[in-house]
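# Reading the structure
The lines below spell out each chain.
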Amino acid sequence: MKIFTLRNVMRTFMWGSAAAAVMAVAAFIFAAVYVVRVTADLPDYQQLAEYEPAIMSRVHAGDGRLIAEYAREHRVFVPIENMPQNLINAFISAEDKNFYDHGGLDFRGIIRAAFANIRHVILGERLEGASTITQQVAKNFLLSSAQRMERKVQEMVLARRIERAFTKDEILELYLNEIYFGQRAYGAAAAALNYFDKSLDELTLDEAALLAAVVNGPARFHPIRHPERTIDRRNWVLSRMAANGYISEEDAREAAQQPLQIADRLRGDDYLAAEYFVENVRREVFSVFGEDELYHGGLSIRTTLDTRMQLAARRALRDGLETYDRRHGYRGAIERIELGEGWEERFEAVTIPRDLDEGWQPAIVTAVSDEGVEVLFEDSSTGSIPMVELRWARENLPDGEVGPSISHPGEVLGEGDVILAGPPIDDETPVEAFSLRQVPEINGGIMAMDPHTGRVLAMVGGYSFAHSQFNRATQARRQPGSSFKPFAYAAALDNGYTPASLILDAPFVATGGPDERFYMPSNYSQRYYGMSTLRLGLELSRNVMTVRLAQEMGMRPISDYGVRFGIYDELSPVLAMSLGAGETTLYRLISAYASLVNGGRRVEPTILDRVQDRSGATIYAHETRECETCDVEEWTEGLFEPVFPETREEVVDPVTAYQVVHMLEGAVQRGTGTALRSLGRPMGGKTGTTNDFRDAWFVGFSPDLIVGVYVGFDTPYQLGSGEAGGRVAAPIARDFFEVALDNYAVAPFRVPEGVRLVPIDRLSGEPGVLGQPGVILEAFRPGTEPSRQSPEEESGLSFARSSVSDDPMDLLFSDGDLEEEEEEEEDLGGLY
């Protein structure tokens, strides 16, 4: 019986073993067939040798400061040899401690993870993975992230193949440049920038460990949303680095004590100020190089922006727009809510304007008294706005008008009003008090440029990019008004006139166009001043004498100059165009003024200095002139400074350009541009105001810097009586110049060859003696200086050809009368 039983057992064992063997062979064959089938069409891993990832394009200001990045995937490629060892050790400790020992698959790690996962399943914990760094490279580069057995098998096969084809350092380089870190960052270098605003070689030990920590689950270990969990994971990485012998226990403990500090990158005033400029850069690069190069090509874009000037431009424009806005009253509270229980929720539901000035904050009016109003802020703190800070808040009326003066705070605000409160405006207000503020409805643009190179140093296209992305410096087409006059006078100087030529300023009537029977321009002051020099007409922006000059000379030269200087593509030869009735942009107008300042050469505004591709090769350079002596290694005695050949087109004769600039210096000293006189250095400038005060302009310049300002409503609307270029736009330019000119030496305008400076009486054009009242040095071409002829002969004009309704001689004034009228016009602040 025992023998029979033993035989049965042996037989069963043998048959069982045979069956097991057969099943094992079958399983092996099945597995082999399955592996062959799922790996039959694997991606070619050899393509990794030609890895060129999508890299973000970076935009730098002229001073090297990073101002923008463009990317679908924010990535900066860094070779493995340039990565710090602490960073490499952190990732190996956190992700694959046996990386340098296995052949692509870590079998010990797989077994360990399998047993550990039994416990995790029982406890309902997150499962561990056993993928090596090589497997992650295979998955991220060549496969999808689908959680399927088929994908896992493909990953393991590819990992083995990759290990045979690449070195460990090459695999690690692929991994550290491709993996996603959250915060829109792909690759360790981009992650270091996004999290810490540092390059890889600047990372501290705790920061390197944090990067290795978050890569395991960017959403789960988010340093802002889950700081404690992220710190725990970082400290675990540090402990693994110590356990693996990469750092000491003491270093690990010290790093673990460091607080979690995440950089607020590409934010702040510098970046807010550059938003309009940066968007212009994006559009230009996109149009030239295309979408793929911009967002994937890793371009290095060096721009012309001066960040200090850009901040000054934004501040000057916002201050100017807010100042104008306060002159035209208060448009009312943002909203009115019920006070009492639940005020926090009601307050939070109110839509507050974005991009508020520093120190501005929303508040609720809680009490109104004779002395002012009490306000409550979002953080439950309180404050007060005294009556003196409410006096500007008169009722806003149509056409730029305002209501009666404020006599009591209750006329402006009531309890429950949601308002904006900011730092005090009035000098007498205590610093702890607040003022009533509002976001302006009016808008504008400012642009600064080097007149010799065309490099745009600052550009702000509106009060706030967050409110409107429309760039009023480059896109708004408006009538420039009198800011066009210098080009009409330049045309006259090239057609036989001089700055001392006399033009009659008297009532003028001409045949009108199809919409009006007569054309009868008028001066800003509604007065006429008789015989006046060209200089006086430009300094004081006389409309009537400009139109008379255009009729006498003919409009064709003026139209030609408007096109030649690039202000217009085409300009109708009608008299109104001499006063700037054609539409243009601030961008084009500044370029035209630059040709006057630089001696008559055409310059095209540029916002790009250089563009390089991902390999560092220059694919665009603004400066293309050849210079054989620019690349010498060091200066030696006898070596002269490089001289560049002049390749720019001459738009106007240098003598004519200087004559106009010299007259515009007078506009700053005595005319409509006196806002710049306080700068105390040689400056020129010209105002511009359109009919019914709808737009205000000012272009001002020093010998090496030119600035243009435009102010107006996006939907054309009256700015208000007296709101001319000299009052609205010129102070903005002045405030900008006060900051921008700090780095420029005080120097006179350059006088070209062929100019003769002669003392004349600026009112009569007669020769004079320096030191006498009204005598200045005027710029002439040799041989065109005034003699002791009669004014009629000197002017070269025939009064019989002028359409004057009264006897012209009755309109002549004495010198004293002219001085009086001039001062009156200057006090008006700006002219058409």
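Attention here is on the structure that accompanies the text. Since this is a predicted model, take the numbers as computed values, not measurements. (Residues numbered from 1 in each chain as written. Predicted model: local features only at pLDDT ≥ 70, side-chain atom pairs only at ≥ 80, totals over all residues. Heavy atoms only, no water.)

## Some words on the sheet that holds strand β1 (residues 57-60)
What counts is decided by this rule: When DSSP finds two or more bridges between two strands, those strands count as paired. Put simply, DSSP H or I for four residues or longer makes a helix, DSSP E for two residues or longer makes a strand, and each gets a number counted from the N terminus. Between the N-to-C directions of two axes lies an angle of 0 to 180 degrees, each axis being a line fitted to C-alpha atoms and, for a helix, fitted only over the stretch in contact.
The five strands are arranged β2-β1-β5-β18-β19 in an open sheet whose pairing can be described as mixed. The sheet terminates laterally at β2 (66-70) and β19 (618-621), the two strands that pair on one side only. Averaged over all pairs of adjacent strands, the angle between strand axes in this sheet comes to 15 degrees, irrespective of strand direction. As defined by bridge partners, β1 adjoins strand β5 (residues 300-303) across three bridges and the pair is classed as parallel. Looking at β5, one finds that arginine 58 is bridged to serine 300.

## A word on the pattern of salt bridges
What counts, and what does not: By definition here, a salt bridge exists when the distance from a side-chain nitrogen of Lys or Arg to a carboxyl oxygen of Asp or Glu is within 4 Å. Partly exposed residues are those whose accessible area sits between 20% and 50% of the maximum for their type, while under 20% is buried and over 50% is exposed, using a 1.4 Å probe and protein chains only.
Per the counting criterion, the structure on display carries 33 salt bridges. For glutamate 441, the salt bridge identified is with arginine 331, shortest N-O distance 3.5 Å. Of this pair, glutamate 441 sits in the loop between β11 (435-437) and β12 (443-449) while arginine 331 is found in the loop between α14 (307-327) and β6 (335-336), placing the two residues 110 residues apart along the sequence. Judged by its relative accessible area of 53%, glutamate 441 is exposed.

## Overview of the side chain of arginine 542
Heads up, the rule is: What qualifies as a polar contact is a pair of N or O atoms within 3.5 Å, subject to a donor-acceptor requirement within protein and to the restriction that residues adjacent in sequence count only when both atoms come from side chains.
For arginine 542, the location among the structural elements is in the loop between α17 (534-539) and α18 (543-553). Note on arginine 542: relative accessible area 0%, which makes it buried. One polar contact links arginine 542 to serine 532, side chain to side chain, over a distance of 3.3 Å.

## Quick look at the packing of aromatic side chains
What counts, and what does not: Under the pairing criterion, centres of Phe, Tyr and Trp rings, with the six-membered ring standing for Trp, must be within 6.5 Å; the plane angle then separates stacked pairs below 30 degrees from edge-to-face pairs above 60, leaving the rest tilted. Whether a charge lies above a ring is judged from NZ of Lys or CZ of Arg, which has to be within 6 Å of the ring centre and within 35 degrees of the ring normal.
For the structure on display, the rule yields 22 aromatic pairs. Considering the side-chain rings of phenylalanine 91 and phenylalanine 181, the 5.8 Å spacing of their centres and the 80 degrees angle between planes classify their relative orientation as edge-to-face. With phenylalanine 91 in helix α2 (residues 85-95) and phenylalanine 181 in strand β3 (residues 180-182), this residue pair connects regions lying 90 residues apart in the sequence. Overall, the relative accessible area of 0% leaves phenylalanine 91 in the buried class. By relative accessible area, phenylalanine 181 is classed as buried at 0%. On the basis of an interplanar angle of 90 degrees and a centroid distance of 5.7 Å, the ring pair of phenylalanine 713 and tyrosine 717 is categorised as edge-to-face. Residue phenylalanine 713 is classed as buried on the basis of its relative accessible area of 14%. Residue tyrosine 717 is classed as partly exposed on the basis of its relative accessible area of 34%. The rings of Phe484, Phe487, Tyr561, Phe565, Tyr568, Tyr593, Phe701 and Phe749 are connected pair by pair, giving a single aromatic cluster. Note that lysine 168 overlies the ring of phenylalanine 99, its terminal NZ or CZ placed 4.5 Å from the centroid. Across from the ring centre of tyrosine 463, 4.1 Å away, lies the NZ or CZ of arginine 318, which sits over that ring.

## Things to note about a nonpolar patch on the surface
Here is the rule we go by: Put simply, a patch holds well-exposed residues, over 30% relative accessible area, that have no salt bridge, with like charges counted together within 9 Å and Val, Leu, Ile, Met, Phe, Trp or Tyr side chains within 5 Å. What sets the accessible areas is the Shrake-Rupley method with a 1.4 Å probe; for residues, cover comes only from the shown protein chains.
Taken together, the side chains of Val751, Leu757, Leu770 and Leu777 define a hydrophobic patch exposed on the protein surface, amounting to about 320 Å² of accessible area. Relative to the assigned elements, valine 751 resides in the loop between α23 (730-740) and β23 (756-761).

## Digging into the sheet that holds strand β13 (residues 456-460)
We count it as follows: When checking whether two residues touch, look at their non-hydrogen atoms; a contact exists if any pair is within 4.5 Å.
With antiparallel pairing, the five strands of this open sheet are ordered in space as β13-β12-β22-β21-β20. Edge strands, defined here as strands with exactly one partner in the open sheet, are β13 and β20 (684-689). Each strand of the sheet is rotated relative to its neighbour by a mean of 5 degrees, with strand direction disregarded. Looking at chain direction, β12 and β13 are connected through four bridges and run antiparallel. Bridge pairing in β13 places methionine 447 opposite methionine 459. On top of the sheet, helix α20 (residues 586-597) reaches β12, β13, β20, β21 (695-702) and β22 (705-712); it is set at about 150 degrees to β22, its chief contact.

## So, a negative patch on the surface
For clarity, the cut-off: Under the counting rule used here, the positive set is Lys and Arg, the negative set is Asp and Glu, and His together with the chain ends is not counted. We put the charge of a Lys on NZ, of an Arg on CZ, of an Asp on CG and of a Glu on CD.
Among the surface-exposed residues, Glu341, Glu344, Glu345, Glu348, Glu378 and Asp379 lie close enough to one another that they form a single negatively charged patch. Along the chain, glutamate 341 turns up in the loop between β6 and α15 (343-348). Classification of glutamate 341 as exposed rests on a relative accessible area of 80%.

## Considering helix α19 (residues 555-564)
Taken residue by residue, α19 has Met555, Pro557, Ile558, Ser559, Tyr561 and Gly562 as its buried positions. On its buried face, α19 is in contact with α16 (485-493) and α18. Note on α19: the residue one or two positions beyond its end, glycine 566, has a positive phi of about 85 degrees.

## Focus on unusual backbone geometry
In the Ramachandran plot, arginine 184 falls in the positive-phi region, its phi being about 65 degrees despite a non-glycine side chain. Structurally, arginine 184 can be placed in the loop between β3 and β4 (185-186). Residue arginine 184 is classed as exposed on the basis of its relative accessible area of 53%. One non-glycine residue, aspartate 355, lies in positive phi territory at about 55 degrees. On the basis of relative accessibility, which here comes to 16%, the residue aspartate 355 falls in the buried class.

## Focus: the environment of alanine 90
Structurally, alanine 90 can be placed in helix α2. A residue is classified by how much of its surface remains accessible, and alanine 90, at 0% relative accessible area, is buried. The spacing of alanine 90 and valine 237 is 147 residues in sequence and 6.6 Å in space, taken between C-alpha atoms. Once residues within four sequence positions are removed from consideration, alanine 90 is found in contact with Ala208, Ala209, Ala212, Val237 and Met241.

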